[in-house]
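Coordinate analysis (summary)
Now for the letters of each chain:
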Amino acid sequence: MKISARNQIAGTVTAITPGAVNGTVKVDIGGGTIVTASITEEAIEELGLAKGDTVTVIVKASDVLIGK
């Protein structure tokens, strides 16, 4: 699959927390950094996501905010 997003980071699923409509997926991208994504329960099921899976975190955003 080719996509236009350039921010692609490999990682490992460390946890999946189900929700009513959306679940959260935590991905360890190394160096002690965990990325958390909120995706639909349907997407979690369709992708067959499970703890320990190797996945790619893809970030595509028109705005990226930084606060201090």
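Placed above this text is the structure.
Note that the coordinates shown come from a computational prediction; the quantities given were computed from them, not determined experimentally. (Residues numbered from 1 in each chain as written. Predicted model: local features only at pLDDT ≥ 70, side-chain atom pairs only at ≥ 80, totals over all residues. Heavy atoms only, no water.)

**Structural notes on the overall build of the chain**
- Assigned secondary structure in the chain consists of 1 helix and 4 strands.
- Helices (α) and strands (β) of the chain occur, in sequence order from the N terminus, as β-β-β-α-β.
- Taking the principal axes of the C-alpha coordinates as reference, the chain spans close to 30 × 30 × 25 Å.
- When the 68 residues of the chain are sorted by exposure, 15% land in the buried category.
- Here the contacts in the chain between residues at least 6 apart in sequence split such that 40% fall between residues at least 24 apart.
- Total accessible area on the chain stands at roughly 5300 Å², and carbon and sulfur atoms take up 54% of it.
- Placing the 6 positive and 7 negative side-chain charges of the chain at their respective mean positions leaves the two points 14 Å apart. (Helix = DSSP H or I, 4+ residues; strand = E, 2+ residues; numbered from the N terminus. Buried < 20%, exposed > 50% of the residue type's maximum accessible area, 1.4 Å probe, protein only. Contact = heavy atoms within 4.5 Å. Areas by Shrake-Rupley, 256 points an atom, 1.4 Å probe, with all protein chains shown as cover. Lys, Arg positive; Asp, Glu negative; His and termini not counted. Charge placed at Lys NZ, Arg CZ, Asp CG, Glu CD.)

**Here we look at the nonpolar core**
- By size, the foremost hydrophobic cluster in this structure holds 7 residues: V13, V25, V27, I44, L49, V55 and V57.
- Going through the elements one at a time, β2 (22-30) and β4 (54-59) are the ones with two or more residues in this core.
- Look past the residues within four positions of V27 in its chain and what remains in contact with it is G11, T12, V13, T14, T33, I34, V35, V55 and V57. (Core = buried A, V, L, I, M, F, W, Y, C linked by side-chain atoms within 4.5 Å.)

**What about the pairing of strand β3 (residues 33-40)?**
- The pairing of β2 with β3 spans 8 bridges and is antiparallel. The partner of T24 across the bridge, within β3, is S38.
- Linkage of β2 to β3, two consecutive antiparallel strands, is achieved through a turn of 2 residues, within which G31 is found at a positive phi near 65°. (Pairing = 2+ DSSP bridges.)

**Remarks on the pairing of strand β1 (residues 7-17)**
- Where β1 meets β4, 6 bridges bridge the pair, whose relative direction is antiparallel. Along β4, the bridge assignment pairs N7 with V59.
- In this sheet, β2 lies alongside β1 in antiparallel orientation, the contact comprising 5 bridges. Among the inter-strand pairings, T12 is bridged to a residue of β2, identified as D28.
- What sits between β1 and β2 in their antiparallel hairpin is a turn of 4 residues.

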